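This is what each chain is made of:
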Amino acid sequence: MGRKKEFDKQLVLKKAMDVFWKQGYEHTSMQDLVDAMTIHRRSIYDTFGDKHHLFIAALKLYEEMLETVMTEKVSEGKNVQDKLKHIFSISIAAEEPGKGCLIVNTATELSSIDPVIAEEIRSFFGREEQFLFNILLSAQEQNELSPDADIASLASYIQNALVGIRVLSKTTNDNEKLDRIIEQTLSIIK
């Protein structure tokens, strides 16, 4: 009979996510993960598999958390501009300036060398673009946007700008500058 796990899987996964987020995949050792997760190395392997599998699980947890926050932020918006500003605000409201976005950090660190990670990043970006498209479609149906607006192209444009803001938020603490960029970006929506 195996030993019962004496830890909260989601809690220790979040701890691993935080380590990967701060240090990146390559600069994170198994010992770093053992120390942060406060469980035995064997428990990590038994529960999550190797470092790569643990990283993918942590990345998926981050994606789920971000998607939840984005959905909540959209519900706070009164109109399409407001909803999109709320989504952009997530990127500049980081608890730790300079930490950036785990998805963007991962895309720049691993997408060109790890096909599994590259596919996960593409999948997330695709879902995010679809999410933005749905916001724009709803706005178009409610006559907030012109019926002639190419909302597929607009969703791609906004998603690209959102990734850009995530990169900039990693390199600057100038939230006023980021706010101006967001305002200018969203001025295209009419």
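Source: prediction; values computed, not measured.

In this fold, I188 is placed in the segment after helix 9 (175-186). For the pair formed by I188 and H86, sequence separation is 102 residues and the distance between their alpha carbons is 16 Å. Setting aside residues no more than four positions away along its own chain, I188 makes contact with L154 and Y157.

This paragraph deals with helix 5 (residues 80-92). The terminal C-alpha atoms of helix 5 lie 19 Å apart, and with 13 residues this matches the ideal 18 Å at 1.5 Å per residue to within 8%. Buried residues of helix 5: V80, L84, I87, F88, I90, S91 and I92, and no others. Where the residues of helix 5 are buried, they touch helix 4 (51-76), helix 7 (115-141), helix 8 (151-171) and helix 9. Sitting at the head of helix 5, N79 places a side-chain oxygen 3.1 Å from the backbone nitrogen of Q81.

Counting 57 residues, the largest nonpolar core has L84 and L136 as its most contacted members. Top element by residues in this core is helix 4. It accounts for 10 residues. If sequence neighbours within four positions are ignored, L136 has contacts with V80, L84, L145, I151, L154, A155, I158 and I189.

Right, let's get into helix 7. A rise of 1.5 Å per residue sets the reference length of helix 7, with its 27 residues, at 39 Å; its end C-alpha atoms lie 38 Å apart and thus fit the reference within 8%. All buried positions along helix 7 are accounted for by I117, A118, E120, I121, F124, F125, E128, L132, I135, L136, A139 and Q140. Where helix 7 is buried, its residues touch helix 4, helix 5, helix 6 (102-110) and helix 8. For helix 7, the N-terminal cap is D114; the gap from its side-chain oxygen to the backbone nitrogen of V116 is 3.0 Å. Immediately beyond the C-terminal end of helix 7, within one or two residues, lies N143, with a positive phi of roughly 60°.

Here we take up the pattern of salt bridges. Tallying each qualifying case throughout the model produces 8 salt bridges. Of the charged contacts in the structure, one is a salt bridge between D46 and R42, with a shortest N-O distance of 3.1 Å. Here the residue D46 and the residue R42 both occupy positions in helix 3 (residues 41-48), the gap between them amounting to 4 residues, near one helical turn. Take D46 and R42: they sit in the same class, and that class is exposed. Between K85 and E183 there is a salt bridge whose closest N-O contact spans 3.2 Å. Here E183 lies in helix 9 and K85 lies in helix 5, a separation of 98 residues in the sequence. Through salt bridges that share partners, E63, E67 and R127 make up one connected network.

On to the side chain of K51, then. Summarising the element assignment, K51 is placed in helix 4. Buried and unpaired, K51 has no salt bridge, with E26 as the nearest side chain of opposite charge at 5.6 Å. Engagement of the side chain of K51 in a polar contact is seen with the backbone oxygen of T28, the distance being 2.5 Å.

Attention now moves to unusual backbone geometry. Negative phi characterises most residues that are not glycine, and trans characterises most peptide bonds. Positive phi, normally seen in glycine, also occurs at T38, with a value near 50°. You can see T38 is positioned in the loop between helix 2 (30-37) and helix 3. You can call T38 exposed: its relative accessible area is 58%. Despite not being glycine, N143 shows a phi value in the positive range, around 60°. Residue position: N143 is located in the loop between helix 7 and helix 8.

Calculation notes
Just so you know, the residues in each chain are numbered from 1, in the order the chain's sequence is written. Local features in this predicted model are restricted to residues of pLDDT 70 or higher, and side-chain atom pairs are both shown and tallied only at a pLDDT of 80 or more, whereas totals for entire chains, interfaces and linings draw on every residue. Based on all heavy atoms of the structure, the side-chain values leave hydrogens and waters out of the count. Numbered from the N terminus, helices here are DSSP runs of H or I no shorter than four residues, and strands are runs of E no shorter than two. A contact between two residues is defined here by any heavy atoms of the two lying within 4.5 Å. What a helix is expected to span follows from its residue count: subtract one and scale by 1.5 Å. Residue burial is assigned from relative accessible area. The probe radius is 1.4 Å, only protein chains are included, and a residue is buried under 20% of its type maximum, exposed over 50%, and partly exposed in between. Polar contacts, as counted here, are pairs of nitrogen or oxygen atoms within 3.5 Å of one another; within protein the pair requires one atom able to donate a hydrogen and one able to accept it, and residues that are adjacent in sequence qualify only if both atoms are side-chain atoms. Put simply, buried Ala, Val, Leu, Ile, Met, Phe, Trp, Tyr and Cys residues joined by side-chain atoms within 4.5 Å make one nonpolar core. For this analysis, a salt bridge means a side-chain nitrogen from Lys or Arg found within 4 Å of a carboxyl oxygen belonging to Asp or Glu. We treat Lys and Arg as the positive residues and Asp and Glu as the negative residues; His and chain ends play no part in the count.

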